[in-house]
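Residue-level listing of the chains:
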Amino acid sequence: MLTIALPKGRIAQETLSKFEQAFDEEFIFEDRKLILEKAGFRFLNVRNQDVPTYVMHGAADLGVVGLDVLEEKEYDLIKLLDLQLGFCKVAFGLIKGQELDMTKSKITVATKHEKIAKRYFEEKAMAVDIIKLYGSIELAPLVNLADCIVDIVETGATMKQNGLEVGPTIMESSAHLIANKNSYYAKKDKIFDLKEKLEAVIQWD
């Protein structure tokens, strides 16, 4: 049996839909249940940010998670397949009409993507002060807590509603199928069979 950690919400539903196409079975989490066992798979319903942790520590053989979360966690995991789901980007958010002033001696950034933001400025040899926030990040530039924010952007609507506009993109992201290294070698045949079936579904779509 392969254990697969899925992020709660839309990505889990879209992933299970691909499994339904691949295996001609119905995969649905019953109300509030966190485990689904069917057709040789055990699915775990976990928080998006926790998916790589379950996989890294061997509680799950595989996981489905955004590339942005993988980059932020920096775990030693195997990226198997881009599932072509959950497209978004990590980008700057700036007060409308303003641009990022790259000439400043230090830029203050509010974000929950600390490592991604830090790496971006390190690559440009620029000093940055990272303020970690867990929510309502759009407020930070409006109350002079930060010069800008770095956040996940799908449509940009949330920024726009709060007087910000989407600035430069740091990275593109989509949901990936990832594997624990030990599981990858111990269950290689099952994992490759799954990968091939999902690839066929993606190509068909």
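This write-up is about the structure you can find in this document. (Residues numbered from 1 in each chain as written. Predicted model: local features only at pLDDT ≥ 70, side-chain atom pairs only at ≥ 80, totals over all residues. Heavy atoms only, no water.)

1. Observations regarding the pattern of salt bridges
All told, the structure shown has 16 salt bridges when counted by the stated rule. Here Lys132 and Glu114 are joined by a salt bridge, their closest N and O atoms 3.1 Å apart. Of the two residues, Lys132 is situated in strand E8 (residues 128–132) and Glu114 in helix H4 (residues 114–123); the sequence distance between them amounts to 18 residues. Overall, Lys132 belongs to the partly exposed group, its relative accessible area being 35%. (Salt bridge = Lys/Arg side-chain N within 4 Å of Asp/Glu carboxyl O. Helix = DSSP H or I, 4+ residues; strand = E, 2+ residues; numbered from the N terminus. Buried < 20%, exposed > 50% of the residue type's maximum accessible area, 1.4 Å probe, protein only.)

2. Thoughts on the pairing of E8
Note that strand E7 (residues 107–111) and E8 share five bridges and pair parallel. Of the residues in E8, the one forming a bridge with Val109 is Ile130. The β-α-β motif built from E7, the intervening H4 and the parallel element E8 has right-handed crossover chirality. (Pairing = 2+ DSSP bridges. Right-handed = clockwise from strand over helix to strand, strands pointing away.)

3. Points about the packing of aromatic side chains
According to the stated counting rule, one finds 13 aromatic pairs in the structure shown. Where Phe23 meets Phe41, the ring centres are 5.1 Å apart and the plane angle is 65 degrees; that geometry is what we call edge-to-face. Taken together, the residues span a long stretch of sequence, with Phe23 in helix H1 (residues 10–23) and Phe41 in strand E3 (residues 41–46) at a distance of 18 residues. For Phe23, a relative accessible area of 21% corresponds to the partly exposed category. The class of Phe41 is buried, set by a relative accessible area of 6%. Arranged with centres 5.9 Å apart and planes meeting at 35 degrees, the rings of Phe41 and Phe43 form a pair that is tilted. By the ring-pair criterion, three or more aromatic residues cluster together here, those being Phe19, Phe23, Phe27, Phe41 and Phe43. (Phe/Tyr/Trp six-rings, centres within 6.5 Å; stacked < 30°, edge-to-face > 60°.)

4. Some details on helix H8 (residues 188–204)
The end-to-end C-alpha distance of H8 is 24 Å, a good match for the 24 Å that 17 residues give at a rise of 1.5 Å each. Within H8, burial applies to Ile191, Leu194, Lys195, Leu198, Val201 and Ile202. The arc that holds every buried residue of H8, seen down its axis, measures 125 degrees, which confines them to one face. The outward face of H8, more than 90 degrees from its buried face, is lined by the exposed residues Asp189, Glu196, Gln203 and Trp204. (Expected span 1.5 Å × (residues − 1). Arc of directions from axis to C-beta.)

5. Observations regarding a nonpolar patch on the surface
A cluster of nonpolar side chains, namely Leu139, Leu142, Val143 and Leu145, defines an oily patch on the protein surface of about 350 Å² accessible area. Turning to its location among the elements, Leu139 is positioned in helix H5 (residues 139–142). (Patch = residues over 30% accessible without salt bridge, like charges linked within 9 Å, V, L, I, M, F, W, Y side chains within 5 Å. Areas by Shrake-Rupley, 256 points an atom, 1.4 Å probe, with all protein chains shown as cover.)

6. Details of the nonpolar core
Within the largest apolar cluster, 27 residues are counted, with the highest numbers of intra-cluster contacts made by Phe43, Leu62 and Leu80. For this core, the elements supplying multiple residues, two or more each, are strand E1 (2–7), H1, E3, strand E4 (62–66), strand E5 (78–82), strand E11 (175–179) and H8. Excluding residues within four positions of it along the chain, Leu62 makes contact with Leu2, Thr3, Ile4, Ala5, Val55, Leu80, Leu177, Ile178, Ala179, Ile191 and Leu194. Core analysis: the next-biggest nonpolar cluster, separate from the first, contains 26 residues, Val90, Leu100, Ile107 and Phe121 among them. (Core = buried A, V, L, I, M, F, W, Y, C linked by side-chain atoms within 4.5 Å. Contact = heavy atoms within 4.5 Å.)

7. Points about the sheet that holds E1
Strand order in the open sheet formed by six strands is E2-E3-E1-E4-E11-E5, and the pairing between neighbours is mixed. Lying at the two open borders of the sheet, with one neighbouring strand each, are strand E2 (35–38) and E5. Mean inter-strand twist for the sheet, computed between neighbouring axes without regard to direction, equals 25 degrees. Packing of H1 onto the sheet brings it into contact with E1, E3, E4 and E11, and relative to E1 it is tilted by some 140 degrees. Its contacts with the sheet put H8 on E1, E3, E4, E5 and E11, and the angle it makes with E5 is roughly 25 degrees. (Axes fitted to C-alpha atoms, helices over the stretch in contact; angles between N-to-C directions.)

8. Some thoughts on unusual backbone geometry
Leave glycine aside and you will find that most residues have negative phi; peptide bonds, for their part, are mostly trans. You will see that Arg32, though not glycine, has its phi angle at about 70 degrees, which is positive. On the secondary structure map, Arg32 appears in the loop between H1 and E2. By relative accessible area, which is 76% here, Arg32 ends up exposed. Look at Glu74: it is not a glycine, yet its phi comes out positive at around 60 degrees.

9. Notes on the pairing of strand E9 (residues 148–153)
Of all six residues that make up E9, five are buried, and the element is covered over most of its length. Sheet topology places strand E6 (residues 88–95) next to E9; five bridges connect them, and they run antiparallel. Following the sheet pairing, Lys89 is matched in E9 by Val153. Inspection of the sheet shows E7 paired to E9 by three bridges, in the parallel sense. Bridged to Val109 within E9 is Cys148.

Remember that the coordinates give geometry; whether it matters functionally is a separate question.
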